[in-house]
Amino acid sequence: MLVIFHPDASAPEIDAVVNRILATGAGAQRVVGAEQTVIGVIDGDRDHLASLELDADPGVDRVVPVSSPYKLAHRHRHGDLPHAVQVGGVAFGGPDAEFRMILGPCAVESPEQMLAAADACLAAGADLLRGGAFKPRTSPYAFQGLGVDGLKILAEARERTGLPVVTELTDLRDIDAVVEYADCVQVGARNMQHFPLLTELGRAGLPVLLKRGMGASIDDFLLAAEYILTEGNPRVVLCERGIHAKATPARSCLDLAAVTVLKEHTHLPVIVDPSHAAGRRALVEPLALAAAACGADGLIVECHPNPSQARCDGPQAITLDTLGDFTTRIRRVAQAAAA
Ligand code: PEP
Ligand code: MN
């Protein structure tokens, strides 16, 4: 941590701050510049030092953290290399990562809808199947998902296709049911900082697909992952799905810079959801191609047998007849990017 003083900070103000730092047991290295003094804090306890709130002390201009606030999610944890995460026998990320595709409808609506989608996803080369049984909806009047019945249909789709399934958990009360049926549990953007949910999923031990909150910084995102990791569950896959930005013409603004920045900071795999960022079908493929080109470890994409009749997110769903060509074009770009 660096403490940077105002140019007009007095010597007693600077001494007072140094004394507060030393009292925590940390070291303090003073650098006196032509205009400003800077204190480098050495070997301190991060939380203890943060609790001092030194940026409010007289004479202090600002405090700049230097060490990472997340420990287990940090790349250093695995020798500064990406590290693979196994999801239902499928490896995501790691040094020789294959590009992964999670495909399926937004919501499980019926056995016919889910199984038709599952067959098409398998034929298109999906690695995992998605389908929401518990849907986080903006309106309480919108379709909320089939609940446990939806989980059972998802399990039937897995049985039929052999594909592992990922589904969202929105409420701690449903954790046992979701863990019973799912191969991977999705935490949605709206729940990225639902800390009790993250902690329980850390304890449950199933792989977690953690989506970035729409207003979350990279530090917030990785600290959310840290909640799962600290409980002893190392299997976390991160997902960039678009952030709030009033000026974007899409539903959310897909932040592809975040993919690169995340990979600079963490060993965890990073996939991209172009569907929720796009909000409409015509934007899904361009965003998916861009994600494949920029080094994402995979995609999660929504599709539907009859998008105009979908109970959730129909406008952004890819039709099943185009799914095979879509995945072929994406894989071509992913291979070129990896070459
Ligand atoms: C979803 O994947 O269906 C979903 C609701 O995603 P997000 O949490 O990213 O909005
Ligand atoms: Mn959706």
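Considered for burial, the residues of helix α8 (residues 256-265) that qualify are A258, V259 and L262. Projected down its long axis, α8 shows its buried positions confined to an angular sector of 105°, all on one face. Looking at the packing, one finds that the buried side of α8 touches α7 (218-229), β12 (236-240) and β13 (270-272).

Across all of its chains, the model carries one aromatic pair by this definition. Relative to Y227, the ring of F195 lies with its centre 4.4 Å away and its plane at 20°, an arrangement referred to as stacked. Here the residue F195 occupies a position in helix α6 (residues 195-204), and Y227 occupies one in helix α7, the gap between them amounting to 32 residues. Between R311 and the ring centre of F143, over which it is positioned, the NZ or CZ distance is 3.9 Å.

Near ligand 1 the following residues occur: C106, R130, K135, E168, Q186, G188, A189, R190, K211, R241, H276 and E302. At 2.7 Å from an oxygen atom of ligand 1 is found a main-chain nitrogen or oxygen belonging to A189. The contact in question runs from an oxygen atom of ligand 1 to an N or O atom on the side chain of E302, over 3.4 Å. Grouping the amino acids of the shell around ligand 1 by side-chain chemistry returns two nonpolar, three polar and seven charged.

Here the focus is the coordination of the manganese ion (ligand 2). At this site the manganese ion (ligand 2) is bound by C106 (SG), H276 (NE2), E302 (OE) and D313 (OD), with donor distances of 2.0 to 2.4 Å. Along the chain, the residues donating to the manganese ion (ligand 2) are arranged with the sequence spacing C-x169-H-x25-E-x10-D. Highlighted residues: H276 in helix α9 (residues 274-278) and E302 in strand β14 (residues 298-304), separated in sequence by 26 residues. The exposure class assigned to E302 is buried, which follows from its relative accessible area of 1%.

Parameters and conventions
Residues numbered from 1 in each chain as written. Chains lettered and ligands numbered in written order. Predicted model: local features only at pLDDT ≥ 70, side-chain atom pairs only at ≥ 80, totals over all residues. Heavy atoms only, no water. Buried < 20%, exposed > 50% of the residue type's maximum accessible area, 1.4 Å probe, protein only. Helix = DSSP H or I, 4+ residues; strand = E, 2+ residues; numbered from the N terminus. Arc of directions from axis to C-beta. Contact = heavy atoms within 4.5 Å. Phe/Tyr/Trp six-rings, centres within 6.5 Å; stacked < 30°, edge-to-face > 60°. Lys NZ or Arg CZ within 6 Å of the ring centre and 35° of its normal. Near = heavy atom within 4 Å. Polar contact = N/O pair within 3.5 Å; in protein donor to acceptor, adjacent residues only side chain to side chain. Nonpolar A, V, L, I, M, F, W, Y, C, P; charged D, E, K, R; others polar. Donors = N, O, S within 2.8 Å, 3.2 Å for Na, K, Ca; no water.

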